[in-house]
Amino acid sequence: MSTSYTVLNPATGQPVTEVAEATLEETDLLIERAADAFPAWRDVAPGERARLLRRFAAVVDEHVDELADLEVRNAGHTLGNARWEAGNVRDVLNYYSAAPERLFGRQIPVAGGVDVTFHEPLGVVGVIVPWNFPMPIAGWGFAPALAAGNTVVLKPAELTPLTAIRIGELALEAGLPEGVLTVVPGKGSVVGERFVTHPAVRKVCFTGSTAVGKRIMAGCAEQVKRVTLELGGKSANIVFADADLDKAAAAAPYAVFDNAGQDCCARSRILVQRSAHDEFLERMERAVRAMRVIDPADPDSEMGPLISAKQKETVTGYLEDVEVAFTGDAPDGDGFWVPPTVVLASDTAQPVWREEVFGPVVAVMPFDTEEEALALANDTEYGLSGSIYTRDLGRALRVSRGVQAGNLSVNSHSSVRYWTPFGGFKQSGLGRELGPDAPNAFTEEKNVFIAQD
Ligand code: NAD
């Protein structure tokens, strides 16, 4: 039975548009079309596939403002962030447009002939995207997958389908053949599950919650289907007393409140060495109070609303029975607004310390020694990102090697550059995206021995 979803503007709670959700039968049809498109796409000469991807990037570039406006209305992202996100799709396409001519195999010395390896595309790749960064996460999946010669079916999150649908249209406008990149809006339980169970889909590239990721991994096991998982996080920002405290305190709010905290890399736990704890919090308070939490369509906005009324309810639930140190501002009235909130954690068992809140809430706790900081940072089932603030180079190295997480930054809170690998330790994920090796993750390595006699 066909269903449709009413997209709401998170800043106002008002409807934006209706989007038809694909049924199971429609999903099957689109997967089969992607499978039919695969042999021709695989056989496009590397230089020509590269040219088409560069053209796709150019068309996205021509539509950055349009895509950004759509994201502001659909996801409540600040205009500045949304423009960056659309530009990220362009940049990721450009970066991987250089991959088709560089999908190198190896020549391995053997007796009696030649041994060479090939990176063969898999076939149809299913990309499943969450609502928090609809554009970049889609691009991190489809750009390297297409570059490696696969066709892609892409399911946006129910809440945020608009930019993905537009990017699918732009792909056709850029000259990608029908069926090479197909956007299939719909429910996770229908479209997403079908990507897992349909035998023509040879890999699932999933970003979302750890609970759904585990289910997808179990489902993929049925067909030994390839899977990449980018899941949740509860990352630590470790501030040592010898750090540049001004810099650390000015950066800390943006390390967790960007995208209203709906960021898998959010540094939602701050560990501060006890001797610097009070001074750090004083400086951070000034930075949090100065944050511009206003209409995301205003170019000065630094933080917008949460994605939905449900998310707001979940996030505010974490604020019961905790000690709030201070908060920033947020508009009153309609829309799903929660102010940036800094909590003093008293116990590592508190849900606000252990669970991924996925909202503008950060929990702060003091520590005494480097060993204690590491033990606290690693006391989590997650391992996605984290920051270390110190002026001691040796300590920076020791702690970065000691934190069990995939993406760390020293004296900085940056996590993702498309030309460096990204992914999680422990229950934050499986496999890596981005960086120079991403196209290989969308191929099978084949070994061929050619006898000389
Ligand atoms: P979610 O797991 O609820 O949904 C993610 C996607 O999976 C959506 O498109 C959804 O429709 C689909 N889905 C739901 N059930 C499914 C099923 N049974 N089979 C197949 N697909 C299904 O996550 P969300 O609430 O949209 O996103 C927030 C989560 O994503 C957070 O936990 C966050 O940490 C995580 N995230 C991780 C990264 C990363 O790179 N590690 C990046 C962004 C978000």
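Residues numbered from 1 in each chain as written. Predicted model: local features only at pLDDT ≥ 70, side-chain atom pairs only at ≥ 80, totals over all residues. Heavy atoms only, no water.

## Topic: the sheet that holds strand β3 (residues 107-108)
Note on sheets: strands pair through backbone hydrogen bonds, and any given pair is parallel or antiparallel.
In step 1: With respect to topology, three strands assemble into an open sheet ordered β3-β4-β18, the strand pairing being antiparallel. The open sheet has two free edges, formed respectively by β3 and β18 (443-451), since each of these has just one partner strand. (Pairing = 2+ DSSP bridges. Helix = DSSP H or I, 4+ residues; strand = E, 2+ residues; numbered from the N terminus.)

## Topic: the layout of surface pockets
In step 1: Approximately 1,100 Å³ is the volume found for the largest pocket.
In step 2: Every residue lining the largest pocket is counted, 36 residues in all, and those nearest its centre are P130, W131, G208, S209 and V212.
In step 3: Listing elements by their share of the lining of the largest pocket, those giving two or more residues are α7 (188-197), β8 (201-207), α8 (210-221) and α11 (309-317).
In step 4: The greatest single-element share of the lining of the largest pocket, amounting to six residues, is contributed by α8.
In step 5: In terms of residue class, the lining of the largest pocket is made up of 17 nonpolar, 13 polar and six charged.
In step 6: Residue contributions to the lining of the largest pocket reach at least three from each of two domains, namely domain 1 (3-231 + 427-451) and domain 2 (236-417).
In step 7: The computed volume of the second largest pocket comes to approximately 480 Å³.
In step 8: Forming the walls of the second largest pocket are 19 residues, and the residues nearest its centre are W84, F133, D258, D263 and V416.
In step 9: Sorting the residues of the lining of the second largest pocket by element identifies α4 (79-96), α5 (134-147) and α9 (245-257) as the ones contributing at least two each. (1 Å grid on protein atoms, 1.4 Å probe; cavity = no way out; pocket = protein on both sides within 12 Å on 5 of 7 lines; lining within 4 Å. Points joined across faces, edges and corners; volume = space filled by probe spheres on them. Nonpolar A, V, L, I, M, F, W, Y, C, P; charged D, E, K, R; others polar. Domains from an automatic or database assignment.)

## Here's the deal with the pattern of salt bridges
In step 1: Summed over the entire model, instances satisfying the criterion amount to 24 salt bridges.
In step 2: Here E48 and R51 are joined by a salt bridge, their closest N and O atoms 3.1 Å apart. Taken together, the residues E48 and R51, both in helix α2 (residues 46-62) and three residues apart, mark about one turn of the helix.
In step 3: In this structure E48 comes out as partly exposed when scored by relative accessible area, which is 34%.
In step 4: With a shortest N-O distance of 2.9 Å, E120 and K446 are connected by a salt bridge. Here K446 lies in strand β18 and E120 lies in strand β4 (residues 113-121), a separation of 326 residues in the sequence. (Salt bridge = Lys/Arg side-chain N within 4 Å of Asp/Glu carboxyl O. Buried < 20%, exposed > 50% of the residue type's maximum accessible area, 1.4 Å probe, protein only.)

## A few points about the packing of aromatic side chains
The way to describe two aromatic rings as a pair is by their centre distance and the angle between their planes.
In step 1: For the structure shown, the criterion picks out seven aromatic pairs.
In step 2: Judged by centre distance (5.4 Å) and plane angle (70 degrees), the ring pair of W131 and F358 falls under edge-to-face. Remark: F358 occurs in the loop between α12 (351-354) and β14 (361-367) and W131 occurs in the loop between β5 (124-128) and α5; sequence separation between them is 227 residues.
In step 3: Overall, F358 belongs to the buried group, its relative accessible area being 16%.
In step 4: Between W140 and F422, the aromatic rings sit 5.6 Å apart at their centres with planes inclined by 70 degrees, giving edge-to-face as the arrangement. Taken together, the residues span a long stretch of sequence, with W140 in helix α5 and F422 in the loop between β16 (407-410) and β17 (429-430) at a distance of 282 residues.
In step 5: Judged by its relative accessible area of 9%, W140 falls in the buried class.
In step 6: For F422, a relative accessible area of 3% corresponds to the buried category. (Phe/Tyr/Trp six-rings, centres within 6.5 Å; stacked < 30°, edge-to-face > 60°.)

## So, the site of the ligand
In step 1: In the vicinity of the ligand there are 28 residues, among which V129, E158, S209, L231 and E356 approach most closely.
In step 2: G188 has a polar backbone atom sitting 3.4 Å from an oxygen atom of the ligand.
In step 3: Burial of the ligand by the protein amounts to 89% of the accessible area it has alone, namely 850 Å².
In step 4: Cavity membership is defined here by more than half of the atoms lying within 2 Å of grid points; on that basis the ligand lies in the largest pocket.
In step 5: Contributions of two or more residues to the shell around the ligand are made by α7, β8 and α8.
In step 6: Per-class residue counts for the shell around the ligand are 15 nonpolar, seven polar and six charged.
In step 7: If you count residues domain by domain, the shell around the ligand takes at least three from each of domain 1 (3-231 + 427-451) and domain 2 (236-417). (Near = heavy atom within 4 Å. Polar contact = N/O pair within 3.5 Å; in protein donor to acceptor, adjacent residues only side chain to side chain. Areas by Shrake-Rupley, 256 points an atom, 1.4 Å probe, with all protein chains shown as cover. Sits in = over half its atoms within 2 Å of the grid points.)

## Quick look at the environment of V196
In step 1: In this structure, V196 sits in helix α7.
In step 2: Distance from V196 to V227, taken between C-alpha atoms, is 9.4 Å for residues 31 residues apart in sequence.
In step 3: For V196, the residues in contact, after removing those within four places along its chain, are V204, I216, G219, C220, Q223 and K225. (Contact = heavy atoms within 4.5 Å.)

## A look at the environment of G179
In step 1: Note that G179 resides in the loop between α6 (162-173) and β7 (181-183).
In step 2: In this structure, the C-alpha to C-alpha distance between G179 and T151, residues 28 residues apart in sequence, is 7.2 Å.
In step 3: Not counting residues within four places of it along the chain, the set of residues in contact with G179 comprises R33, A34, A37 and T151.

## Thoughts on the packing of α4 against α5
In step 1: At a minimum axis distance of 9 Å, the contact between α4 and α5 shows a crossing angle of 10 degrees. By the angle between their directions, the pair α4 and α5 is classed as roughly parallel. Two secondary-structure elements touch here, α4 through A82, W84, E85, A86, N88, V89, V92, L93 and Y96 and α5 through M135, P136, G139, W140, F142, A143, P144 and A147.
In step 2: Residues that form the contact of α4 with α5 fall into these classes: 14 nonpolar, two polar and one charged. (Axes fitted to C-alpha atoms, helices over the stretch in contact; angles between N-to-C directions. Parallel < 35°, antiparallel > 145°, perpendicular 65-115°, else oblique.)

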